[in-house]
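Remarks on the overall topology
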Amino acid sequence: MNTNAFWHFLTLQLFKERSKHLSVIVISILILFLLSSVLFISSSIRYSLEETLKVQPDFVVSRVQGGIAVPTPMVWGDELLDIYGVSKVNPRVYGRYFFEAKERSFLVVGVDFLEEQSHKTLQKLIDQTDIKSFFNNNQMLVGEGVKRYLAERFYKDAYNFLTPNGTFEKVNIFKTLPSQSNLIGNDMMVMPIDLARKIIGYSEDEVTDITFNVPNPDEWNMMTDKVSALHYDLHVVNKNDVQKSYENLYNYKGGLFLILFLVLLGTFTLILYQRYSMVYSSEQRHIGLLRALGWSINDVLKFKFTETVVIVFVSYILGIFIAYVYVFALGAPLLREVFLGAQNLQNNLNFVPVLDFSVLTSIFLIYALPFMAAVLIPVWRVSVTDPKESML
Amino acid sequence: MSTNTMIQIENLYRTFHHGGNEVPVLKDINLNIAQGECVVLKGVSGSGKTTLLSLIAGLDKPSAGKVLIEGEPISKLPDLFASELRAKKIGMIFQHFNLFEHLSVSENVTVPLIPSGLKMKEIHEKVDEALKVANIIHKQEVLASRLSGGEKQRTAIARALVADPNIILCDEPTANLDRDNSLLFIDILGELHHMGKTIVIATHDPLFDNLSFESTVVPMVDGKIV
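Residues numbered from 1 in each chain as written. Chains lettered and ligands numbered in written order. Predicted model: local features only at pLDDT ≥ 70, side-chain atom pairs only at ≥ 80, totals over all residues.

In this section: the overall build of chain B. The secondary structure content of chain B amounts to six helices and 10 strands. Over its C-alpha atoms chain B spans a radius of gyration of 17 Å, differing by no more than 12% from the 17 Å that the globule rule assigns to 226 residues. Principal axes of the C-alpha set define a box for chain B whose edges measure 45 × 40 × 40 Å. Burial status across chain B gives 48% buried among its 226 residues. Sequence separation of 24 or more characterises 70% of the internal contacts of chain B that already satisfy a separation of 6 or more. (Helix = DSSP H or I, 4+ residues; strand = E, 2+ residues; numbered from the N terminus. Rg over C-alpha atoms; globule rule 2.2 N^0.38 Å. Buried ≥ 20, exposed ≤ 12 C-beta atoms within 10 Å, placed from the backbone. Contact = placed C-beta atoms within 7 Å.)

Helix and strand counts for chain A come out as 15 helices and 12 strands. Counting over 392 residues, chain A shows a buried share of 35%. Long-range contacts, defined here as pairs at least 24 residues apart, represent 82% of the contacts in chain A between residues at least 6 apart.

On to the packing of helix H11 (residues 282-292) of chain A against helix H14 (residues 357-383) of chain A. Residue and element names in this part refer to chain A. Remark: H11 packs on H14, axes separated minimally by 9 Å, with the N-to-C direction vectors making an angle of 45°. Judged by the inter-axis angle, H11 sits oblique to H14. For the pair H11 and H14, the crossing hand works out as right-handed. Between H11 and H14, the contacting residues are Gln284, Ile287 and Arg291 on the first element and Val379, Val382 and Ser383 on the second. (Axes fitted to C-alpha atoms, helices over the stretch in contact; angles between N-to-C directions. Parallel < 35°, antiparallel > 145°, perpendicular 65-115°, else oblique. Left-handed = near helix turned anticlockwise from the far one by under 90°.)

Residue and element names in this part refer to chain B. The mixed open sheet is built from six strands, whose spatial order is E6-E7-E8-E3-E9-E10. In this open sheet, the two strands that pair with only one neighbour each are strand E6 (90-93) and strand E10 (224-225). As paired strands, strand E3 (residues 38-42) and strand E8 (residues 198-203) are joined by five bridges and run parallel to one another. Note on E8: the bridge partner recorded for Lys42 is Thr203. (Pairing = 2+ DSSP bridges.)

Moving on: helix H5 (residues 149-161) of chain B. Residues and elements named next belong to chain B. Here H5 spans 18 Å end to end across 13 residues, near enough to the 18 Å set by a 1.5 Å rise per residue. Among the 13 residues that make up H5, 11 are buried, leaving the element largely enclosed by the rest of the structure. Here H5 has its buried residues at Glu151, Lys152, Gln153, Arg154, Thr155, Ala156, Ile157, Ala158, Arg159, Ala160 and Leu161. Of the surrounding elements, those touching the buried residues of H5 are E6, helix H3 (105-110), helix H4 (120-133), strand E7 (167-171) and helix H6 (179-194). (Expected span 1.5 Å × (residues − 1).)

This brings us to the interface of chain B and chain A. The partner chain A presents 24 residues to the 24 residues of chain B that form the contact. When residues of the side of chain B that touches chain A are traced back to their parent elements, those giving at least two are helix H2 (79-89) and H4 of chain B. With five residues, the single largest contributor to the side of chain B that touches chain A is H2 of chain B.

Let us now look at the environment of Leu35 of chain A. All names here are of chain A. When you line up the elements, Leu35 lands in helix H2 (residues 18-54). As a C-alpha pair, Leu35 and Leu260 span 225 residues in sequence and 9.5 Å in three-dimensional space. Not counting residues up to four positions away in its chain, the partners in contact with Leu35 are Phe261, Ile363, Ile366 and Tyr367.

As a further point, take the pairing of strand E9 (residues 216-221) of chain B. All names here are of chain B. Note that E3 and E9 share four bridges and pair parallel. Bridging across to E9, Val39 finds its partner in Thr216. As paired strands, E9 and E10 are joined by two bridges and run antiparallel to one another. Each residue of the ladder has a partner; that of Val221, found in E10, is Lys224. Two successive antiparallel strands, E9 and E10, enclose a turn made up of two residues, where Asp222 displays a positive phi of approximately 50°.

To continue, consider the packing of H2 of chain A against H14 of chain A. All names here are of chain A. Direction vectors running N to C along H2 and H14 enclose 150°, while the axes themselves pass 11 Å from each other. Taken together, the axis directions place H2 and H14 in an arrangement best described as roughly antiparallel. Here H2 and H14 pass one another in a crossing that is right-handed. Across from Ile31, Leu32, Leu35, Ser36, Leu39 and Ser43 in H2, the residues of H14 making contact are Val359, Ile363, Ile366 and Tyr367. Grouping the amino acids of the contact of H2 with H14 by side-chain chemistry returns eight nonpolar, two polar and no charged. (Nonpolar A, V, L, I, M, F, W, Y, C, P; charged D, E, K, R; others polar.)

Although it is not a glycine, Ala332 of chain A sits at a positive phi angle of roughly 50°. Here Ala332 of chain A is to be found in the loop between helix H12 (297-329) and helix H13 (335-340). The phi dihedral of Phe97 of chain B falls on the positive side, at around 65°, and the residue is not glycine. The residue Phe97 of chain B is located in the loop between E6 and H3 in this model. The exposure class assigned to Phe97 of chain B is buried, which follows from the 22 C-beta atoms found within 10 Å.

Relative to the elements of secondary structure, Asp78 of chain A occurs in helix H3 (residues 76-81). Each C-alpha atom, one on Asp78 of chain A and one on Leu35 of chain A, is 50 Å from the other, the two residues being 43 residues apart in sequence.

Moving on: the nonpolar core. Formed by 104 residues in total, the largest nonpolar core has its most connected members in Leu32 of chain A together with Ile56, Ala158 and Leu169 of chain B. With 10 residues, H2 of chain A is the single largest residue contributor to this core. Beyond its immediate chain neighbours, meaning those up to four positions away, Ala158 of chain B contacts Val109, Ala130, Leu131, Val133, Ala134 and Ile136 of chain B. Counting 40 residues, the second-largest nonpolar core is a separate cluster that includes Phe106, Ala196, Tyr202 and Val227 of chain A. (Core = buried A, V, L, I, M, F, W, Y, C linked by C-beta atoms within 7 Å.)

Rendered as C-alpha cells:
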C-alpha cells in the first residue's frame with residue numbers, strides 16, 4: 001500500500017465522517033480530562049507534600065494521657081538533647097483558636113524567633129523579617145486564608161484574641177505567609193512563643209510539642225524506641241508516619257475518583273464495542289464493501305487501526321492539555337474542594353505543575369488499550385468473515 | 001481448460017444452513033466463460049444467480065467444487081492473494097450500487113486503488129479515465145448521496161473499471177434503474193465488451209434477452225443451469 005494514498009484516504013475518511021468521530025472524541029476528551037485532572041491534582045499534592053515534609057523536623061514528641069494530648073513539659077527538650085544523635089531540638093507552642101461567630105478556627109503557632117527554625121520556609125521568612133520591629137508590638141504572620149478571612153470581617157491590620165483568663169489580647173498583622181506554603185500554612189497565625197502561650201493558655205514551662213532531627217536515617221527506628229522509653233506518656237511520631245497518613249488521605253480521594261473513572265471507561269468501552277459489533281451497522285457494510293473492492297484483511301485492519309490511533313491520540317493530547325490548563329492555570333475549580341476537603345478557611349492553594357512521565361503513560365494505557373480493543377476486536381471479527389455476509 | 005478460458009466453474013455447490021436445515025442454493029454448476037465473452041445468468045429471484053456471482057468474485061466460499069480465474073482457484077487462495085486477485089482482475093457492480101454515501105463520485109472510484117501501491121498522481125489519472133468511460137466525470141465532485149439512481153450506477157461502473165480488470169461482474173444492475181438509464185447502462189456494457197472485457201451479468205430483466213452485442217444467456221432454475 002502506498003503511504004501517501006493511504007494517508008490521503010485516511011484523512012479523507014476522518015474528515016468526511018467527522019460528525020461520527022466527533023462524538024467519540026468529545027466523550028474521550030471528557031473522560032481523559034477527568035482522569036488527568038484527578039491524577040494531576042494528586043501528583044501535585046504529593047509533590048507539594050514531599051517538598052513541605054522535606055523541611056519539616058524529623059520527629060515530633062508530645063505528651064498524651066488517656067489518649068488525650070496535654071501540654072508537654074519543656075524540660076523534656078533537655079532530656080532529648082542528651083540522647084546521642086539528636087539535634088535541633090525545638091519546643092513548639094500551637095493550638096486551635098476558634099473564631100466563634102462563624103465556627104471557624106485558626107492555627108496559632110508560637111515560634112522562638114531567636115532559635116534556628118527547622119522549617120526552612122519559616123526560617124527564610126524570619127530572616128526577611130525585621131525582628132526588632134516585630135517584637136516591639138504584639139505582631140504575627142498570618143496565612144493567606146486567615147488574612148482574607150479576617151479582612152472580610154474588618155480585622156484588616158489586627159485581631160483581638162480572647163485569652164483563657166477572659167482578657168483581650170490585640171495582635172497586629174505584620175506580614176502574610178508566602179502562597180507556596182498554603183497547603184499547610186493557609187490557616188496559620190505565626191507569633192512569638194510567649195504571645196502564643198498567653199493566647200492558648202499555657203504556662204511558661206509548657207509547650208504543645210517538641211521537635212528534633214536525627215540526621216542519620218538508620219537510627220530512626222531505634223530512636224523511636226529510645227525516646228519512647230523516656231516517659232510512659234510520651235508520644236513520638238516521625239516524618240514518614242506523617243507523610244503516610246497524608247498520602248493515605250489523598251490516595252483515598254484519588255482512588256474514589258479512579259473507581260468512578262473506571263466505571264465510566266467501562267461503560268464507554270461497552271458502548272463502543274456494541275457500536276462496532278452491531279450486526280447491521282453501516283460500519284460492517286463498509287468493511288465488507290472494502291473487502292469486496294479488493295482490500296485484504298490486513299489492509300482493512302491497518303486502516304482501522306491507524307484511524308483509531310489518530311482518534312486516540314487527538315483525544316489524548318486535547319484531554320491532557322485541557323486538564324493541564326484546568327488544574328495548573330485555573331486551579332481546578334470544584335475538584336480542588338473535593339481534594340482539599342471541606343477547608344476550615346478558603347484555601348487559594350496553587351497546584352505546582354508536575355508532569356510525571358509515568359502518570360502520562362498510565363493515563364494513555366488506561367484509556368487507549370480498552371478503547372482500541374473495543375474498536376479493533378469487532379473490526380477484526382467483521383474483516384475475517386466473508387465480504388458477502390458483512391455487506392448484507 | 002482452453003487457453004482463452006477466463007472463468008472456469010467445476011462441480012460447484014453452495015449450501016446454506018438455516019435453523020438446522022440445509023438449504024442447497026447451487027447444485028453442481030459447471031460453466032466455462034471465455035475471455036471477452038458476455039454471459040447473462042438469467043433466472044427468477046432465488047434461482048441462485050447472485051450466489052454464483054459472489055462465488056466467482058470470491059466474496060463467498062463454495063460448499064464443494066471450485067472456481068478458477070485464469071487458472072487460479074480463487075476460493076482456495078489465502079486472503080492476501082484472493083484480495084489481490086479481486087483487486088486486479090475483477091470489477092463488481094452491485095444491485096444497490098454499494099457506494100460510500102459520504103464520499104464524492106471521484107473519491108468512491110478511488111477506493112479500490114488505495115491498497116494498490118500506486119502514487120496519488122497515478123490514481124487520479126486512472127480515476128479520471130474511468131469516470132470518462134462511465135460518462136460521469138461531470139459529477140466527480142458531487143457526493144454519492146446526492147446522485148440519481150442512473151448516476152450512482154455509472155459511478156459504480158467507473159469504480160469497477162478503475163483498476164482495469166479483465167472481468168466485470170454485474171449483480172442485477174438495472175433492478176433500481178428506469179428504462180432509459182437501463183438502456184444507457186447496456187450501451188456502456190457494449191463499450192466494455194468492445195474493449196475485450198469478460199462480462200457476467202446476473203439479472204431477470206428482459207432487456208438483456210436480446211443485447212445488441214454478442215452474448216450468451218445461461219438460464220438458471222432452482223440453483224441449476226438448465
